[in-house]
Each structure stands twice: as structure tokens, then as C-alpha cells.
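Observations on the model geometry
The primary structure of each chain is shown beneath.
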Amino acid sequence: MSLSSAIYGLEGLTLSPDEKAFFRDADPWGFILFARNVEGVRQLSRLTLELRDCVGRDAPILIDQEGGRVARLKPPTWRKAPPAQVFGDLFLKDEEAAIEATRINHRLLAHELRTVGIDVDCAPVADLRIEGADAIIGDRSFGTSPEPIAHLGRAAMEGLMAGGVAPIIKHIPGHGRAQADSHLELPVVPEEHGLLAETDFAPFKALADAPMAMTAHIVYADIDDENPATQSSEMIGRIIRGEIGFDGLIMTDDLSMKALTGTFRERGERSLAAGCDMLLHCNGDMKEMIAVAEGAKTMAGKALERALAAEAARDTIEEFDPAEAESRLNMLLAPVTGAAMS
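This one's a predicted model, so the numbers in the text were calculated from it and none came from an experiment.

Reading the values: rules and limits
Per-chain numbering applies: the sequence of each chain, read as written, is numbered from 1 onward. For a predicted model such as this one, the threshold for reporting local features is a pLDDT of at least 70, and the threshold for listing and counting side-chain atom pairs is 80 or more; totals across whole chains, interfaces and linings nevertheless cover every residue. Excluding hydrogens and water, the side-chain values take into account all heavy atoms of the structure. Grid points spaced at 1 Å over the protein atoms alone were grouped into cavities, where a 1.4 Å probe fits but cannot get out, and pockets, open sets with protein on both sides within 12 Å along at least five of seven lines, with lining residues defined by an atom within 4 Å of a point. Grid points are joined across faces, edges and corners, and a volume is the space filled by probe spheres set on the points. Residues are grouped as follows: nonpolar covers Ala, Val, Leu, Ile, Met, Phe, Trp, Tyr, Cys and Pro; charged covers Asp, Glu, Lys and Arg; every other residue, Gly included, is treated as polar. Note: two strands are recorded as paired if DSSP finds a minimum of 2 bridges between them. Put simply, DSSP marks the helices as runs of H or I at least four residues long and the strands as runs of E at least two long, and each gets a number from the N terminus on. For every element, the axis is a line fit to its C-alpha atoms; helices are fit only across the contacting stretch, and the angle between N-to-C directions ranges from 0 to 180 degrees. Burial classes: relative accessible area under 20% of the type maximum marks a residue as buried, over 50% as exposed, and values in between as partly exposed (1.4 Å probe, protein chains only). Two residues qualify as a contact provided that any one of their heavy atoms is within 4.5 Å of a heavy atom in the partner residue. Note on ring pairs: Phe, Tyr and Trp rings are taken, using the six-membered ring of Trp, and paired if centres are within 6.5 Å. Classes follow the plane angle, with under 30 degrees stacked, over 60 edge-to-face and the rest tilted. Crossover handedness is defined by viewing with both strands directed away from the observer: a clockwise path from the first strand over the helix to the second marks the crossover as right-handed.

Moving on, we get to the layout of surface pockets. Roughly 300 Å³ of volume is contained in the largest pocket. Of the residues belonging to the lining of the largest pocket, the class tally is nine nonpolar, five polar and seven charged.

Turning our eyes to something else, we now look at empty space enclosed by the protein. As enumerated under the stated definition, the model contains one cavity of 30 Å³ or more in all. Size it by volume and the largest cavity reaches roughly 80 Å³. For the largest cavity, the full set of lining residues is Glu66, Gly67, Pro83, Ala84, His106, Ala123, Pro124, Val125, Asp139, Arg140 and Phe142. Classifying every residue of the lining of the largest cavity by side-chain character gives six nonpolar, two polar and three charged.

Here we take up the sheet that holds strand 10 (residues 212-215). With respect to topology, three strands assemble into an open sheet ordered 8-10-12, the strand pairing being parallel. At either margin of the open sheet sits one strand with a lone partner, and together these are strand 8 (169-172) and strand 12 (249-251). Between one strand axis and the next, the sheet turns through 30° on average, direction left out of account. Taken together, the three bridges between strand 10 and strand 12 define a ladder with parallel strand orientation. The residue bridging Met214 from the neighbouring strand is Met251, located in strand 12.

Turning to the environment of Leu249, a few remarks are in order. Within the secondary structure, Leu249 sits in strand 12. With relative accessibility at 0%, the residue Leu249 sits in the buried group. For the pair Leu249 and Ile168, spaced 81 residues apart in the sequence, the C-alpha separation amounts to 9.1 Å. In this structure, Leu249 is in contact with Pro211, Met212, Ala213, Asp277, Met278, Ala303, Arg306 and Ala307, ignoring residues within four places of it in sequence.

Moving on to the packing of aromatic side chains. All chains considered together, the criterion is met by five aromatic pairs. Note on Tyr8 and Phe23: the rings are 6.3 Å apart at their centroids and 20° apart in plane angle, and the pair reads as stacked. With a gap of 15 residues between them, Tyr8 in strand 1 (residues 4-8) and Phe23 in helix 1 (residues 17-26) connect regions that are remote in the sequence. Of the two residues, Tyr8 and Phe23, neither departs from the other in class, the shared state being buried. Consider the rings of Phe23 and Phe31, whose centres lie 4.9 Å apart with planes at 75°: the pair is edge-to-face. Look at Phe23 and you get buried, because its relative accessible area is 0%. For Phe31, a relative accessible area of 0% translates into the label buried. Taken together, the ring pairs in this structure connect Tyr8, Phe22, Phe23 and Phe31 into an aromatic cluster.

A few words on the sheet that holds strand 1. Ordered by their spatial adjacency, six strands build an open sheet running 7-6-3-2-1-13, and the pairing between neighbours is parallel. Every other strand in the sheet has two partners, leaving strand 7 (166-167) and strand 13 (279-281) as the edge strands with one partner each. Bridge count between strand 6 (residues 120-121) and strand 7: two bridges; the pairing is parallel. By the bridge assignment for strand 7, Val120 is matched with Ala166.

Most of strand 1 is tucked away, with five of its five residues classed as buried. A two-sided burial pattern is seen for strand 1, the buried positions comprising Ser4, Ala6 and Tyr8 on one face and Ser5 and Ile7 on the other. Both strand 1 and strand 2 (residues 28-33) contribute to a ladder of three bridges, which runs parallel. Counted as the bridge partner of Ile7 is Gly30 from strand 2. Assessed by its sense of winding, the connection that carries the chain from strand 1 through helix 1 to strand 2 is right-handed. Sheet topology places strand 1 next to strand 13; three bridges connect them, and they run parallel. Following the sheet pairing, Ala6 is matched in strand 13 by Leu279.

In C-alpha cells, the structure reads:
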């Protein structure tokens, strides 16, 4: 098996001849889709088949479908799922109802994704919601303390996997405290290690058996004041693998985000050298993807084992009635939404 340690995006609604040729030669582990790649159910189903045909296998296909602000599949074709904060608000009123609602919502998300050939969701967000921090996390978080995030993150993972969709917890070891958006610049978190361990890192420790995690492009200055977690062997090795205990597949957040510097080959090489298993490149720019491919590795050893285990998280699909599930979800959420979600 000669899988490359990379996941790539693409430019449009169909594959160009150049994209087909590149993907065939580069043999990435998987692909990621965005709103620019989505027109409707038929088109998206054809596209996911075409992507897998390029590499001749059942390659994982990812999407960010959290609900709320971050949803690549949008109404009216797809359901408008609520943001994580809605479930966190319910947790403060009724913990059992919130856990059930979160699981049902993510089982519905899994059903919606699998119907069009998508089998990995970049969710749940396990970051804290911190007052005064940059708004990039905000209502994408289940709560302001570790407990609701741990319980609801677990329910979200269970719901996705019950529908044959592998979850990715993000952004390990915690993005919530950042005072800047890592899409635009490199955030630096100055808080002491001890505080971070008790707060930001704690939900990820509770969810350490997740099949995959996505890194935070953030400098945690008390631990490594020079490198963002994505490119820090101290953060990956001592904190994520050691203190948090996460042994699943670690992928970078998008290498094209402005928090990172250097050529795209260098960005990839630094991330892999720090201990990441997988490189994520999202924007579909061919020149950048070629450079990432030059820095990627053929997957082997523990990284390959983790990738295969992550693929296996897609294997189980429980029986499911979407209409009945949506009705139950609306009833559970009524105390915090005041009306049925649609």
C-alpha cells in the first residue's frame, strides 16, 4: 500500500483533467469538500464517486458539517442543523436530553452525508467557548467548561459513527482561548500549562479515543514559544500523545491558513517531522497541492495503522428512521429553540 499522507481539496463542481491526473499520481489518503464543490444531491454523489475512481479505492471523503455557521451542505436541499451551543444550552437545563439530542443530530448528519458519498465529518469541535476570545469558535463550542464538551462531544462522535461517518475532533489541544483567527494570523496563547491542562486540554483528554483529531495552528507559549502546535514536536509528542493520551490519527488544520509560514513543501515537512500523521490542504490550488505532495510521505508504520483504524470507523451503520429521528430532535430542542428546527 502506497498511500500518501495527504488530503486535498478541489476547485469546482467536477474534476478537471489536471486534477484527475494529479490525484491519480499523488494517491492521497483522502479528499475534502467545500461549498464550492456542492450544487445538489446528484452532482455531489457523482463527484464523490469520481474522486474515489481517481485513486481506485474507497478513499475517505471529508467535509466540515458541524451545523450552524459551519455547514457546507445548506438549505433548502439539506437540513439546517443547529450550532453546538444550542446543545450546550440544553445541557445546562437537562443533561440527558442534551446528550440524546446531540447523538440524534449527528446521526442525522451522518445519514445526510452518507447519502451523497461523504464518510468523514470534521466534527465535533471540542474547543472551549472563552469570553473575550476571537469569535472564530463562539457558538461552534458546546460550552464554557470541559464537562459539557466532553459529554456532548462523546454523543456527537457516537451519532456520527452509528451512521458510518468517522468523526474528527478539533482543534487539538484547544483553540478556544485564541485571541486571533488562525485563518488570518498566528495566535499565541500565553496562559500557563497548568491552567490549559485543567481547561482547554481536558475535553480532548476525555475524547482521546476518537479515531482522528485536527490540530490547532496556535503557539502555546508556556510549552513551546516558537512553534504552533501543528509543527511542534513538544506539543504533539509530550502534550497531545502524552498528557492528553490521544493515539488516533493526527491531521493538520489547513496548511494554506495564514497562521503558517514557509513554502507549502516546508509547511508539510515541518508538520510531519513534529509528529502529525496527515497533511490537510483545502483550497484546491494546483501549484500549492504539488508542493504539499513533494513534502508528503508514503504512509507506513504507526501512521498507516492509525489511518486504517480511522477508515474502519466508517464501517458500522445502524438502522435508522430519519423522519422519526428529526421529530424526536425537534421535541428535545424545543426548550432552547422555542420552535421546531427545519
